[in-house]
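Read off the chains here:
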Amino acid sequence: MKTVSENRCFGGTQGVYSHSSAATNCEMTFGLFLPEEAQHFTVPVLWYLSGLTCTHENAMTKAGAQAWAAEHGIAVVFPDTSPRGDGVADDDAYDLGKGAGFYVNATQTPWASHFRMWDYIADDLPALLGEHFALDMDRQAITGHSMGGHGALTLAMSLPERFTSVSAFAPIAHPTASDWGRKQLGAYLGSDETTWAKHDATLLMREVGFDGPVLIDQGASDQFLELLKPEALSEAMAAKRQDGVFRMQKGYDHSYFFVSSFMEDHMNFHAEYLFA
């Protein structure tokens, strides 16, 4: 692992690190905020998964998470959204290839050799973090925005013992029924749609739900509502009697102005359960 940068931030440290990943078969970069408490003992971890076109840097610099994380003594991990490098397959479209990993393990050519973001987030990066940093890996929570919200929800429901709580900002909520999903799941996983289901938060919510609290914030003026399909997830949560809150936020769009406006709420939400 290499240290790219480390900066003093709200009494703690905002770091950027790179490492060779066995999951993605390439060099990966991630951000990690460590609160001041990490100098003395292990601290709980909040994962923040970013959306389409983002790198580790977008949320790290725009979401305003560090101030609230420092207040609670929580570490925040900002992974990249896809594999990178000259040998990694890409596409001319912004919503496929680099920056658009969709948090799946690709099985199709030319994606399969690198696009294994599910394994990267579920196994590879957690192992590295637990080895090198003062993190309590028995206390983890997860959140994300847009494509990252999709990843946060699907990982949380598929790994029920891993996360104390899950939240999402404007998640891609029903990708098997959306152009933000059918295109990518077909490209990465192939034409057998039965393999897509575990990567659809609405279908997972209907089937298994989450054994813990859920918080969803969706901007009512989001320009991508037809692609996100939040109503499907809201209906699934109600039908499952899910312990959770789904909030439509009047006037807010899909931007990081929206995310940063409600980051305090999400950090307080996760802190309640991480320290329970």
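Conventions used here
Residues numbered from 1 in each chain as written. Predicted model: local features only at pLDDT ≥ 70, side-chain atom pairs only at ≥ 80, totals over all residues. Heavy atoms only, no water. Helix = DSSP H or I, 4+ residues; strand = E, 2+ residues; numbered from the N terminus. Rg over C-alpha atoms; globule rule 2.2 N^0.38 Å. Contact = heavy atoms within 4.5 Å. Lys, Arg positive; Asp, Glu negative; His and termini not counted. Charge placed at Lys NZ, Arg CZ, Asp CG, Glu CD. Buried < 20%, exposed > 50% of the residue type's maximum accessible area, 1.4 Å probe, protein only. Pairing = 2+ DSSP bridges. Salt bridge = Lys/Arg side-chain N within 4 Å of Asp/Glu carboxyl O. Arc of directions from axis to C-beta. Phe/Tyr/Trp six-rings, centres within 6.5 Å; stacked < 30°, edge-to-face > 60°. Polar contact = N/O pair within 3.5 Å; in protein donor to acceptor, adjacent residues only side chain to side chain. Axes fitted to C-alpha atoms, helices over the stretch in contact; angles between N-to-C directions.

As a further point, take the overall build of the protein. Of regular secondary structure, the protein possesses 9 helices and 9 strands. By the compact-globule yardstick of 19 Å for 276 residues, the protein fits well, its C-alpha radius of gyration being 17 Å. Once the C-alpha set of the protein is aligned to its principal axes, its extents read approximately 50 × 45 × 35 Å. In the protein, the proportion of contacts linking residues at least 24 apart, taken out of those at least 6 apart, comes to 72%. The averaged location of the 35 negative side-chain charges in the protein is 3 Å from the averaged location of its 17 positive side-chain charges.

This part covers the pairing of strand E2 (residues 12-21). In terms of burial, E2 is largely enclosed, as 8 of its 10 residues are buried. In sequence, strand E1 (residues 2-9) turns back onto E2 through a hairpin of 2 residues, with Phe10 there showing a positive phi of about 50°. Where E2 meets strand E3 (residues 26-34), 9 bridges bridge the pair, whose relative direction is antiparallel. Within the sheet, the bridge partner assigned to Tyr17 lies in E3 and is Phe30. The antiparallel hairpin formed by E2 and E3 contains 4 residues in its connecting segment, where Asn25 sits at a positive phi of about 60°.

Following the criterion strictly, the structure yields 7 salt bridges and no others. Across the pair Asp80 and Arg84 runs a salt bridge, and its minimum N-O distance is 2.8 Å. Judged by relative accessible area, Arg84 falls into the partly exposed class, the value being 25%. One continuous salt-bridge network, built from bridges that share partners, spans Asp217, Arg247 and Asp265.

With that settled, consider the pairing of strand E8 (residues 214-219). Across the 6 residues that make up E8, a large majority, 6, are buried. Burial of E8 is two-sided: the residues Val214, Ile216 and Gln218 facing one way and the residues Leu215, Asp217 and Gly219 facing the other way are all buried. Relative to E8, strand E7 (residues 163-169) is paired through 4 bridges, and the arrangement is parallel. Across the sheet, Phe169 pairs through a bridge with Asp217, a residue of E8. Relative to strand E9 (residues 244-249), E8 is paired through 6 bridges, and the arrangement is parallel. Bridging from a neighbouring strand, Gln218 pairs with Met248 of E9.

This part is about helix H8 (residues 230-240). Those residues of H8 that fall on the buried side of the exposure criterion are Pro230, Ala232, Leu233, Ala236 and Met237. Taken down its axis, H8 places every buried residue within 160° of arc, on the same side. Those residues of H8 that are exposed and angled more than 90 degrees off the buried face are Glu235 and Ala239. Buried-residue contacts for H8 involve helix H4 (147-158), helix H6 (201-207), E8, helix H7 (225-228) and E9.

Right, let's talk about the packing of aromatic side chains for a bit. Across all of its chains, the model carries 12 aromatic pairs by this definition. Look at Trp180 and Phe224: their rings are 4.9 Å apart centre to centre, the planes differ by 40°, and that puts the pair in the tilted class. On the criterion of sequence distance, the pair formed by Trp180 in helix H5 (residues 179-189) and Phe224 in the loop between E8 and H7 is long-range, its members being 44 residues apart. Note on Trp180: relative accessible area 4%, which makes it buried. By relative accessible area, which is 26% here, Phe224 ends up partly exposed. Relative to Phe258, the ring of Tyr252 lies with its centre 6.2 Å away and its plane at 50°, an arrangement referred to as tilted. Judged by its relative accessible area of 0%, Phe258 falls in the buried class.

Okay, the side chain of Ser21 next. Among the secondary structure elements, Ser21 is positioned in strand E2. Here the side chain of Ser21 touches Ala23 through a polar contact of 3.2 Å, landing on its backbone nitrogen. With residues up to four places along the chain from it excluded, the contact list for Ser21 reads Cys26, Met28, Tyr120 and Asp124.

Now for the sheet that holds E1. Spatially, E1-E2-E3-E5-E4-E6-E7-E8-E9 is the arrangement adopted by the 9 strands of the open sheet, whose pairing is mixed. The outermost strands of the open sheet, each flanked by one partner alone, are E1 and E9. Neighbouring strand axes in the sheet, compared pairwise and without regard to direction, differ in orientation by 20° on average. Pairing of strand E4 (residues 43-49) with strand E5 (residues 75-79) involves 3 bridges; the strand directions are parallel. Bridge pairing in E5 links Leu46 to Val76. Contacts from helix H9 (residues 256-274) reach E4, E5, strand E6 (135-144), E7, E8 and E9, with the element oriented near 165° to E7.

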